[in-house]
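# A look at the structure
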Amino acid sequence: MIGTLALLDGFSVEMTARDRDGLPAVALPRGTRVSVTHLGSESEHDRVDAAAAIAALGLEPVTHVAARRVPSEAALAEHLSALRERGARRMFVVAGDPRAPQGPYADGLALIRSGLLAEHGFDEVGIGGYPDGHPSIPEHVLWESLRDKSAALAEQGLAPAITTQFSFDAQAVLRWVEIVRDHGINAPIRVGVAGPAGVGRLVGFARRCGVATSAGLALKYGFSLGNLLGTATPDRFVGELAEHLDPELHGDVRLHLFAFGDLAATAGWAAGALAGS
């Protein structure tokens, strides 16, 4: 058991580039890592501007790059240079939603193996984890990918960091973390947590992302699938996670909060949890 306050120490949050205008009004501890997702509806300039806004507030930008959305090696190099000029030194790499790549990178591993992240001076690269599995990727492929990405980053002298998809099942997350360690992967893990959100919105995101949403899990988490008009918070999930985490067994584990469009509510929940309220 590590306690909720220890688990929340150094938490990170995730937003979209369109959230940058409201960022100055959001109270986040200095140095908080703020991830910017790579949406097809937002441009590279949007994400670069968001990274600059994050850094200007004394926060740590972590910009996502979806490998299959990158049109060319030159475009990637230009994007990485622009991010570094604005203070970004951490990157999160995913394959992305498109079924077919729009350029030379078929998946996140191919982009990592390009060597461009190390060449442009990034020192930490995030990769994804899926405690509930992935709706279109077999389980054995997910594990193979996690091992290969971790190894490719280590070969380039880059620090790997794993961030998971959110889940409603703390026990499934704990089991998954144990399996990661059994695979010999010792990278820090940030467990994805859904920030406060309307139940209907939360369930919609969960189904889109392949997150398990049984009636029993929902009730354990703190909401009912029969009342989609309510609001769900992650208090029970985080409490259960903190109660059962053992640093000797699970290693370095922290929280990554998904804002789902309401960064202020998510930051407010974190501030309240840290204050013990």
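Let me begin by describing the structure that accompanies this report. (Residues numbered from 1 in each chain as written. Predicted model: local features only at pLDDT ≥ 70, side-chain atom pairs only at ≥ 80, totals over all residues. Heavy atoms only, no water.)

Each helix and strand in the chain was counted, giving 12 helices and 10 strands. In summary, the chain has a C-alpha radius of gyration of 18 Å against a globular reference of 19 Å for 277 residues, a match within 12%. On the principal axes, the C-alpha backbone points of the chain span a range of 50 × 40 × 35 Å. In the chain, which comprises 277 residues, the proportion classed as buried is 51%. Taking the contacts inside the chain whose residues are at least 6 apart along the sequence as the reference set, 78% of them involve residues at least 24 apart. Positive and negative side-chain charges of the chain, numbering 24 and 32 respectively, have mean locations separated by a distance of 3 Å. (Helix = DSSP H or I, 4+ residues; strand = E, 2+ residues; numbered from the N terminus. Rg over C-alpha atoms; globule rule 2.2 N^0.38 Å. Buried < 20%, exposed > 50% of the residue type's maximum accessible area, 1.4 Å probe, protein only. Contact = heavy atoms within 4.5 Å. Lys, Arg positive; Asp, Glu negative; His and termini not counted. Charge placed at Lys NZ, Arg CZ, Asp CG, Glu CD.)

Read around the closed barrel, the eight strands follow the order 1-2-3-4-5-6-7-10; overall the barrel is parallel. Within the sheet, the average angular offset between the axes of one strand and its neighbour, ignoring direction, is 30°. Both strand 2 (residues 33–36) and strand 3 (residues 60–66) contribute to a ladder of four bridges, which runs parallel. The partner of Val36 across the bridge, within strand 3, is Thr63. Each of strand 1 (12–15), strand 2 and strand 3 touches helix 2 (residues 44–56); the most contacted strand, strand 3, lies at about 165° to it. Contacting strand 7 (189–194) and strand 10 (253–258), helix 10 (residues 235–244) runs over the sheet at an angle of about 155° to strand 7. (Pairing = 2+ DSSP bridges. Axes fitted to C-alpha atoms, helices over the stretch in contact; angles between N-to-C directions.)

This next bit is on the pairing of strand 6 (residues 159–164). Two faces make up the sheet, and in a regular strand the side chains alternate between them. Direction of pairing for strand 5 (residues 124–129) relative to strand 6: parallel, over a ladder of six bridges. In the strand pairing of strand 6, Gly129 is matched with Thr164. Taking the sense of rotation as the criterion, the β-α-β connection linking strand 5, helix 6 (residues 139–155) and strand 6 turns out right-handed. Following the chain from strand 6 across helix 7 (residues 170–182) to the adjacent parallel strand 7, one finds a crossover that is right-handed. (Right-handed = clockwise from strand over helix to strand, strands pointing away.)

Let us look at the nonpolar core. As a rule of thumb, nonpolar side chains are buried together in soluble globular proteins. Judged by nonpolar contacts, the single largest core of 82 residues is most densely connected at Phe166, Leu202, Leu241 and Leu255. The biggest single contributor to this core is helix 7, with six residues. Excluding residues within four positions of it along the chain, Phe166 makes contact with Asp132, Gly192, Val193, Ala194, Leu202, Phe205, Ala206, Cys209, Val211, Phe258 and Phe260. (Core = buried A, V, L, I, M, F, W, Y, C linked by side-chain atoms within 4.5 Å.)

Turning our eyes to something else, we now look at the packing of helix 7 against helix 10. Close contact between helix 7 and helix 10 brings their axes to 9 Å; oriented N to C, the two are set at 40°. With respect to helix 10, the axis of helix 7 lies oblique. Handedness of the helix 7/helix 10 crossing: right-handed. Of the residues in helix 10, those in contact with Ala170, Gln171, Val173 and Leu174 of helix 7 are Phe237, Glu240, Leu241 and His244. Here the residues of the contact of helix 7 with helix 10 sort into five nonpolar, two polar and one charged. (Parallel < 35°, antiparallel > 145°, perpendicular 65-115°, else oblique. Left-handed = near helix turned anticlockwise from the far one by under 90°. Nonpolar A, V, L, I, M, F, W, Y, C, P; charged D, E, K, R; others polar.)

Counting buried positions over the six residues of strand 10 gives five, a clear majority of the element. Two strands pair when backbone bridges link them, and strand 1 and strand 10 are joined in this way by three bridges, in the parallel orientation. Across the sheet, the residue bridging to Val13 is Leu257, located in strand 10. As paired strands, strand 7 and strand 10 are joined by six bridges and run parallel to one another. The partner of Gly192 across the bridge, within strand 10, is His256.

Our next topic: unusual backbone geometry. Of note, Phe260 is a non-glycine position whose phi angle comes to about 50°, a positive value. Turning to its location among the elements, Phe260 is positioned in the loop between strand 10 and helix 12 (263–274).

This part covers the pattern of salt bridges. Here the structure, examined in full by the defined rule, presents 10 salt bridges. A salt bridge links Glu42 to Arg18; its shortest N-O distance comes to 3.7 Å. Of this pair, Glu42 sits in the loop between strand 2 and helix 2 while Arg18 sits in the loop between strand 1 and strand 2, and the two are 24 residues apart along the sequence. Among the residues examined, Glu42 registers a relative accessible area of 9% and is labelled buried. The class for Arg18 is exposed, based on a relative accessible area of 54%. The partner of Glu124 in a salt bridge is Arg33, and the shortest N-O contact between them spans 2.8 Å. (Salt bridge = Lys/Arg side-chain N within 4 Å of Asp/Glu carboxyl O.)

Here we come to the side chain of His64. Tracing the sequence through the fold places His64 in strand 3. Since its relative accessible area comes to 7%, His64 is described here as buried. If we ignore the near neighbours within four places in the chain, the residues touching His64 are Glu14, Ser35, Val36, Thr37, His38, Arg47, Met91 and Phe92.

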